[in-house]
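This is what each chain is made of:
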Amino acid sequence: MSDAPIRIKTISQFHTLRGLPKPKHPLISVINFEDMKASLEGGKQSLIFDFYMISVKRNMDHKYRYGQQDYDFDDGLMFCMAPHQVLTIYREENGKNPSGWSLLIHPDFLCNTAMASAIKKYEFFDYSVNEALFLSEDEEVKIQQIIENIKQEYQTNIDKFSQNIIISQLETLLNYSERFYQRQFLTRHKAHHQFLEKLEVLLNDYFGRDDFKEKGLPSVQFLSDELNMSPQYMRSLLKTLTGQTTQQHIHEKVIEIAKEKLSTTELSVSEIAYELGFEHSQSFSKLFKAKTEVSPLEFRKSFN
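Residues numbered from 1 in each chain as written. Predicted model: local features only at pLDDT ≥ 70, side-chain atom pairs only at ≥ 80, totals over all residues. Heavy atoms only, no water.

Visitor: Go over helix α9 (residues 231-242) with me, naming the residues and quoting the values.
Guide: Within an α-helix, residues lying three or four positions from one another point in the same direction, as the helix has 3.6 residues per turn. The end-to-end C-alpha distance of α9 is 16 Å, a good match for the 16 Å that twelve residues give at a rise of 1.5 Å each. Inspection of α9 places Tyr233, Met234, Ser236, Leu237 and Leu238 among the buried residues, and these make up the whole buried set. Where α9 ends, the next residue or the one after it, Gly243, has phi of about 80°, a positive value. (Helix = DSSP H or I, 4+ residues; strand = E, 2+ residues; numbered from the N terminus. Expected span 1.5 Å × (residues − 1). Buried < 20%, exposed > 50% of the residue type's maximum accessible area, 1.4 Å probe, protein only.)

Structure below.
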C-alpha cells in the first residue's frame with residue numbers, strides 16, 4: 001500500500017473504495033464491516049476523511065494509528081473521528097474484515113441545524129486520538145439501538161421530518177457517549193493515579209531545571225506533548241479527577257513552590273517571582289493573592 005494519504009471527500013467515495021453498494025443517502029450512512037470488500041494487500045494505508053465517523057470495531061487482525069495512539073480493537077471499543085483527521089491502517093496480507101459498524105456523517109447534513117456547531121463541543125472527537133471508549137455490553141446495546149434507529153430513518157422514504165429525527169437521534173448518541181466517557185474517566189482509577197503521578201513528576205522536573213526561569217511557566221501544550229495526549233483530553237481528565245483545568249493545576253503547583261520559598265528562604269518576592277519564571281513580580285503577586293487571598297509578604301509575615 002502507498003504511504004501517501006488517500007483523501008475521501010464523500011460518503012459515496014468511501015462506499016466505492018470499500019466495495020459497498022451506493023449509499024441510500026449521500027450525506028449519512030451506517031456501514032457494517034462484514035459487508036466491506038476485504039483487502040488482500042498488506043502494509044500501511046493512511047486515510048483522510050472529510051466527514052465525521054463514529055465506529056465500534058471488534059475482532060480486528062490489523063492495527064489502527066490515530067494521532068499518536070496505536071489501537072488493537074477488542075470487543076466493544078468505540079472511537080470517533082472529526083473531518084480532516086488522519087487514520088493509518090496497518091494490515092496483514094490476506095487480512096480479514098473486522099466486525100462492527102461505522103456511522104458516517106458529512107458536515108453538510110448538519111447545515112442549518114444546531115448540531116452543526118454543537119457537535120464541536122464533544123471533546124472525544126479530539127481526544128479520542130489518545131482515548132478510545134471501552135463499552136460495556138449494556139452500553140454497546142444502547143448505542144446499537146440508536147444506530148439502528150438512524151439507519152431505519154434514512155433508509156425509509158425521506159420527508160421533511162427525517163433530518164430533524166436523525167439529528168435528534170445523533171444528539172442522543174453523542175450524549176450517551178459523553179456519559180460513557182465520563183464513566184470511563186471515573187472507573188480507571190489505576191491509570192488515572194499513574195497519570196497524576198506522571199504529571200507531578202513532570203512539573204517537579206520542569207521547575208527543577210536551571211533554564212526554566214528563562215522559559216517561563218510550562219504551557220499546556222508542553223505538558224500534553226510530554227504526556228502524549230491532546231490538550232483537550234488532558235483538560236477533561238484533570239477536570240474530572242481534580243476539578244481543575246490544566247492551567248489551574250499549573251498555578252496550584254506554582255503557589256505550592258512559592259509558599260515553600262516564602263516560608264523557608266529569605267529570597268525577596270521579586271527573586272522568587274523570577275525563579276518561578278515570571279517576567280514581572282507584579283504578575284506573580286497578583287496570582288498568589290488570587291489563589292491564597294493574601295499577598296506574598298503577608299504570607300511570609302505569618303511565619304515570623
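Visitor: Just give me the short version of the sheet that holds strand β7 (residues 77-81), but keep the residues and values in it.
Guide: Spatial ordering of the open sheet is given by β2-β9-β4-β7-β10, a layout of five strands whose pairing is antiparallel. Each end of this open sheet is capped by a strand with a single partner; those strands are β2 (28-32) and β10 (133-134). Taken together, the five bridges between β2 and strand β9 (residues 99-105) define a ladder with antiparallel strand orientation. Residue pairing across strands places Ile28 opposite Ile105, the latter belonging to β9. Where helix α4 (residues 137-155) meets the sheet, its contacts fall on β2, β4 (52-58), β9 and β10, and the angle it forms with β2 comes to roughly 125°. (Pairing = 2+ DSSP bridges. Contact = heavy atoms within 4.5 Å. Axes fitted to C-alpha atoms, helices over the stretch in contact; angles between N-to-C directions.)

Visitor: Can you break down the nonpolar core residue by residue, with the values?
Guide: Ranked by internal contacts, the top residues of the largest apolar core, which has 32 residues, are Ile54, Leu103, Leu110, Phe125, Leu170 and Leu174. Listing elements by their share of this core, those giving two or more residues are β2, β4, β7, β9, α3 (124-127), α4 and α5 (162-187). Here this core gets seven residues from one element, more than from any other, and that element is α5. Apart from the residues lying within four places of it in its own chain, the contact partners of Leu170 are Ile54, Leu103, Ile105, Leu110, Met115 and Ile150. (Core = buried A, V, L, I, M, F, W, Y, C linked by side-chain atoms within 4.5 Å.)

Visitor: Mind laying out the packing of helix α10 (residues 246-264) against helix α12 (residues 281-292), listing which residues take part and the relevant values?
Guide: Two elements in contact, α10 and α12, have axes whose closest approach is 10 Å; the angle formed by their N-to-C orientations is 100°. Considering their axes alone, α10 and α12 lie roughly perpendicular with respect to each other. Mapping the contact onto sequence places Gln248, His251, Glu252, Val254, Ile255, Ala258, Lys259 and Leu262 in α10 and Phe284, Leu287, Phe288, Lys291 and Thr292 in α12. Considering only residue class, the contact of α10 with α12 consists of seven nonpolar, three polar and three charged. (Parallel < 35°, antiparallel > 145°, perpendicular 65-115°, else oblique. Nonpolar A, V, L, I, M, F, W, Y, C, P; charged D, E, K, R; others polar.)

Visitor: Before we move on, can you summarise α4 with the specific residues and values?
Guide: When the terminal C-alpha atoms of α4 are compared, their 27 Å separation across 19 residues agrees well with the 27 Å that a helix rising 1.5 Å per residue should span. Among all positions of α4, only Glu139, Glu140, Ile143, Ile146, Ile147, Ile150, Lys151, Glu153 and Tyr154 are buried. Projected onto a plane normal to the axis of α4, the buried residues spread over an arc of 165° and lie on a single side. In this structure, α4 carries Glu137, Asp138 and Gln152 as exposed residues pointing more than 90 degrees from its buried face. (Arc of directions from axis to C-beta.)

Visitor: Describe the layout of surface pockets, and please don't skip the residues or the numbers.
Guide: By volume, the second largest pocket is sized at about 180 Å³. Lining the second largest pocket are 14 residues, and of these His15, Ser29, Val30, Ile31 and Gln155 lie nearest its centre. Every element with two or more residues in the lining of the second largest pocket is listed here: β2 and α4. Residue contributions to the lining of the second largest pocket peak at four residues, all from β2. Split into classes, the residues belonging to the lining of the second largest pocket amount to six nonpolar, four polar and four charged. (1 Å grid on protein atoms, 1.4 Å probe; cavity = no way out; pocket = protein on both sides within 12 Å on 5 of 7 lines; lining within 4 Å. Points joined across faces, edges and corners; volume = space filled by probe spheres on them.)

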